[in-house]
Amino acid sequence: MSLADVAEKLKPQYGEKSQAIAEAYAKSFPEAKPVELWVMILSSRAGVVKTANAKLAQNQPVYMAWFGWCPPLFNNRMRAFHCLDICFWFRNTDRMVTHTGGGSIPRKLADKMSNALLHFMRTGNPNGSELPQWPEYTQEKGEVVILDNQCFVENDPDREARKTLES
């Protein structure tokens, strides 16, 4: 799949904006393969960000995560998919070998994530685990913890690309 193929696949939904959308995502995520960009566009975080902003309007703290861990299955062709993170939050990666491959690598991330979840359930704040300092989400910065083998904080990594979906 090429970037032109991505734009073509987007045309039924986005029409004339398809090329600009594909290019914006490619610019925001230069390491991503075209097929990864296509999936990212189709599963846009726009709804998640809208929900987070609505929660902020209620004066509630918001902590946002982006699960980016990719299973080492099918010659490393699998990517993070909807609900894959659940077995990590509940420390069940070895029970979900069809999704994670099992073993120490997913287990290490599961330990970090489940500890953060426990901290959040106890205190309303996920900090205090092995994850990096997890800042509260703000509309201005869009802080998000990227959950992967190496976890880190990033400010709204797809903001500029997402704007092309909204205009």
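In case you missed it, the structure is sitting above this.
These lines cover the structure that appears in this document, whether it is placed above or below.

Scanning all chains against the criterion turns up 6 aromatic pairs. For the pair Tyr25 and Phe29, a centre-to-centre distance of 6.4 Å together with 20 degrees between the ring planes defines the contact as stacked. Here Phe29 falls in the buried class, since its relative accessible area comes to 15%. Put simply, the rings of Tyr25, Phe29 and Trp66 touch in pairs and so form one group of aromatic residues. Seen from the ring of Trp38, Lys9 lies directly overhead, with NZ or CZ sitting 5.1 Å from the centre.

Of note, Thr93 is situated in the loop between α5 (86–89) and α6 (97–100). On the basis of relative accessibility, which here comes to 2%, the residue Thr93 falls in the buried class. When near neighbours in sequence (up to four residues on either side) are disregarded, Thr93 contacts Cys87, Phe88, Thr100, Gly102, Pro106, Arg107 and Ala110.

With mixed pairing, 3 strands are arranged side by side in an open sheet as β1-β2-β3. Edge positions in the sheet fall to β1 (65–67) and β3 (152–155), since each has one partner strand and no second. For this sheet, the mean inter-axis angle between neighbouring strands, taken without regard to orientation, is 35 degrees. Here 3 bridges tie β1 to strand β2 (residues 143–147), and the two strands are oriented parallel to one another. Bridge pairing in β2 places Ala65 opposite Val145.

One finds Leu10, Ile21, Tyr25 and Ile41 to be the most contacted residues of the largest nonpolar core, which totals 22 residues. Going through the elements one at a time, α1 (3–14), α2 (18–28), α3 (34–42), α4 (46–57), β2 and α8 (159–166) are the ones with two or more residues in this core. Ignoring anything within four residues of it in the chain, the contact list for Ile41 reads Val6, Leu10, Tyr14, Ile21, Ala22, Tyr25 and Leu165. Counting 16 residues, the second-largest nonpolar core is a separate cluster that includes Tyr63, Ala110, Met113 and Leu131.

Right, let's get into α8. Turn by turn, an α-helix covers 3.6 residues, leaving residues three or four places apart pointing in a common direction. Buried residues of α8: Ala161, Arg162, Thr164 and Leu165, and no others. Down the axis, α8 shows its buried residues gathered within 150 degrees of arc, on one side only. Along α8, exposed side chains directed more than 90 degrees from the buried face belong to Glu160 and Glu166. Close packing links the buried residues of α8 with α1, α2, α3 and α4.

Here is what the cut-offs are and how they apply
- Residues numbered from 1 in each chain as written.
- Predicted model: local features only at pLDDT ≥ 70, side-chain atom pairs only at ≥ 80, totals over all residues.
- Heavy atoms only, no water.
- Phe/Tyr/Trp six-rings, centres within 6.5 Å; stacked < 30°, edge-to-face > 60°.
- Buried < 20%, exposed > 50% of the residue type's maximum accessible area, 1.4 Å probe, protein only.
- Lys NZ or Arg CZ within 6 Å of the ring centre and 35° of its normal.
- Helix = DSSP H or I, 4+ residues; strand = E, 2+ residues; numbered from the N terminus.
- Contact = heavy atoms within 4.5 Å.
- Pairing = 2+ DSSP bridges.
- Axes fitted to C-alpha atoms, helices over the stretch in contact; angles between N-to-C directions.
- Core = buried A, V, L, I, M, F, W, Y, C linked by side-chain atoms within 4.5 Å.
- Arc of directions from axis to C-beta.

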